[in-house]
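Architecture at a glance
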Amino acid sequence: MTSLPDDVLLAILSHLPPRDLSFVRQASKHFRRLSYERAVWAPLYRNSRLFLPPGPLLTHSAADLEHLVLRATKLDRNWNSSSPSPRAQRLIRAVKLPYHAIFLHNHYLILGGTSSFNVYDIEHSTHSPSLVAHLSDSSSTFSSYHHLPDASHSLGDYFLLAAYRKSKSLPQAAVVVWKVMPRSPHPPLLIAQAPLSPSLTSPYIKTAYDCLLIDSPAGNPSSALNTPTNLLHIPTNRLYTIPPSSHTVCRFATLSI
């Protein structure tokens, strides 16, 4: 095999299980060097069926990808064992029981309630997660929380969170979007909102890139006949409305931009 070009060897190595790569590293200095290349770990990550965060990202180094794959391998082995045990436990003392939870990037936990939401950094401590963002509005009722992945999916500077809001002080319900900056002392910032038709009381929310599709609930054709579909472009806060049709009902399964 040593006579093969490096690009062929890299392609072969990318199809090996992580455990086998550890043995390959012991074969020779040349194979050891190749096994650390990103050209091995990026396709291995992409084709893996393990429980992994979105990726591989451009910001991921070979070492990052290897670390994530090995951690996911240990999780898979533990999960499928005859007596699985938790790797770690975190205790969150919540005043009110949240009805919506989002686990983000294997790092943050978003707990949404009817009038507030909290964001916890679960990796901050081995015992009690750190509260890194909080928003409360007693005059509003929130539901249908939805996380919008940022362009890089990185752990990072911010992420977007959308929810359906009914406010006592505003005449119309709306879908609102907050910019949450877990590594900043600043509170969540309202960056966009889409006023909704009174007939749309429990919207279906779908995201793609920097757009938000707001539609009638799935499985409710009578509502779809009378309710327009809304497309919110978040960076410009522009709302595009598609009028309802009494003849043809188009249900959106995916949103492609």
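Throughout, residues of each chain are indexed from 1 in the direction in which the sequence is written. At least 70 in pLDDT is required for a residue's local features to be given in this predicted model, at least 80 for side-chain atom pairs to be given and counted, and no such filter applies to totals for whole chains, interfaces and linings, which use all residues. For the side-chain quantities, the full set of heavy atoms in the structure was used; hydrogens and water were omitted.

Observations regarding the packing of aromatic side chains
- Pairing of aromatic rings covers Phe, Tyr and Trp, the last through its six-membered ring, and needs centres within 6.5 Å; plane angles under 30 degrees mean stacked, over 60 mean edge-to-face, and all others mean tilted. Enumeration over the complete set of coordinates arrives at five aromatic pairs.
- Seen in terms of ring centroids, F117 and Y145 are 6.2 Å apart; in terms of plane orientation they differ by 75 degrees. Their pairing is edge-to-face. Taken together, the residues F117 in strand β3 (residues 116-121) and Y145 in strand β5 (residues 140-148) connect sequence positions 28 residues apart. The two residues F117 and Y145 agree in class, both being buried.
- Relative to W178, the ring of F117 has its centre 5.0 Å away and its plane inclined at 50 degrees; by these criteria the two rings are tilted. A residue pair is termed long-range when its members are at least 10 positions apart, and F117 in strand β3 and W178 in strand β7 (residues 174-180) qualify at 61 residues. As far as burial versus exposure is concerned, F117 and W178 are alike and both buried.
- Three or more aromatic residues link up through ring pairs in this structure, and these residues are F117, F142, Y145 and W178.
- By the criterion adopted, a ring carries a charge over it if an Arg CZ or a Lys NZ lies within 6 Å of its centre and within 35 degrees of its normal. Cation over ring: R25 sits above Y36, and NZ or CZ is 3.8 Å from the ring centre.
- It is K179 that lies over the ring of Y158; its NZ or CZ is 4.8 Å from the centre. Here a helix means four or more residues in a row that DSSP labels H or I, a strand means two or more in a row labelled E, and each is numbered from the N terminus. Throughout, exposure labels follow a simple rule: accessible area from a 1.4 Å probe, protein chains only, divided by the maximum for the residue type, with under 20% read as buried, over 50% as exposed, and the rest as partly exposed.

Some thoughts on the pairing of strand β2 (residues 108-112)
- Of all five residues that make up β2, five are buried, and the element is covered over most of its length.
- On β2, burial covers both faces: Y108, I110 and G112 on one face and L109 and L111 on the other are all buried.
- For two strands to be treated as a pair, DSSP must find at least two bridges joining them. Two strands pair when backbone bridges link them, and strand β1 (residues 100-104) and β2 are joined in this way by five bridges, in the antiparallel orientation. The residue of β2 that forms the bridge with H100 is G112.
- As paired strands, β2 and β3 are joined by five bridges and run antiparallel to one another. Of the residues in β3, the one forming a bridge with G112 is F117.

Comments concerning unusual backbone geometry
- A cis geometry characterises the amide bond from G55 onward to P56, with omega recorded as 0 degrees.
- Tracing the chain through its elements places P56 in the loop between α4 (38-47) and α5 (62-79).
- Even without being glycine, S144 reaches a positive phi, approximately 50 degrees.
- Mapping S144 onto the fold places it in strand β5.
- By relative accessible area, which is 24% here, S144 ends up partly exposed.

Considerations on the nonpolar core
- Put simply, buried Ala, Val, Leu, Ile, Met, Phe, Trp, Tyr and Cys residues joined by side-chain atoms within 4.5 Å make one nonpolar core. Judged by nonpolar contacts, the single largest core of 18 residues is most densely connected at L13, L21, V40, W41 and Y45.
- When contributions to this core are tallied by element, the ones reaching two or more residues are α1 (6-13), α2 (18-24), α3 (29-35), α4 and α5.
- Beyond its immediate sequence surroundings of up to four residues, Y45 is in contact with L52, P53, P54, G55, P56, L65, L68 and V69.
- Core analysis: the next-biggest nonpolar cluster, separate from the first, contains 17 residues, Y108, F142, W178 and V180 among them. We call two residues contacting when some pair of their heavy atoms lies within 4.5 Å.

Side note on a nonpolar patch on the surface
- Residues form patches when they are more than 30% accessible in relative terms and have no salt bridge. Like charges link within 9 Å. Nonpolar side chains (Val, Leu, Ile, Met, Phe, Trp, Tyr) link within 5 Å. All accessible-area figures derive from a Shrake-Rupley calculation using a 1.4 Å probe, and residue coverage is judged against the displayed protein chains alone. Take a side-chain nitrogen of Lys or Arg and a carboxyl oxygen of Asp or Glu: if they are within 4 Å of each other, that pair is a salt bridge. Residues L4, V8 and I12 make up a contiguous nonpolar surface patch of about 190 Å² in total accessible area.
- Within the fold, I12 resides in helix α1.
- On the basis of relative accessible area, I12 is assigned to the partly exposed category, the value being 34%.

Focus: the confidence of the model for the protein
- Confidence of the predictor at the level of single residues is captured by pLDDT, which takes values from 0 to 100. Of the residues in the protein, 83% have a pLDDT of 70 or more, and the chain-wide mean is 81.
- Overall, residues 151-155 carries pLDDT values under 50, and its contacts beyond four positions in sequence, including any with other chains, amount to ten contacts.
- Predicted confidence for residues 246-257 stays below pLDDT 50, and this span has 24 contacts to residues more than four positions away or in other chains.

Structural notes on the pairing of β3
- When you tally the buried positions in β3, you get five out of six residues, the bulk of the element.
- In textbook terms, the turn of a hairpin is the stretch between consecutive antiparallel strands, and for β2 and β3 this stretch comprises three residues.
- One ladder, built from six bridges, connects β3 with strand β4 (residues 130-136); its direction is antiparallel. Following the sheet pairing, N118 is matched in β4 by H134.

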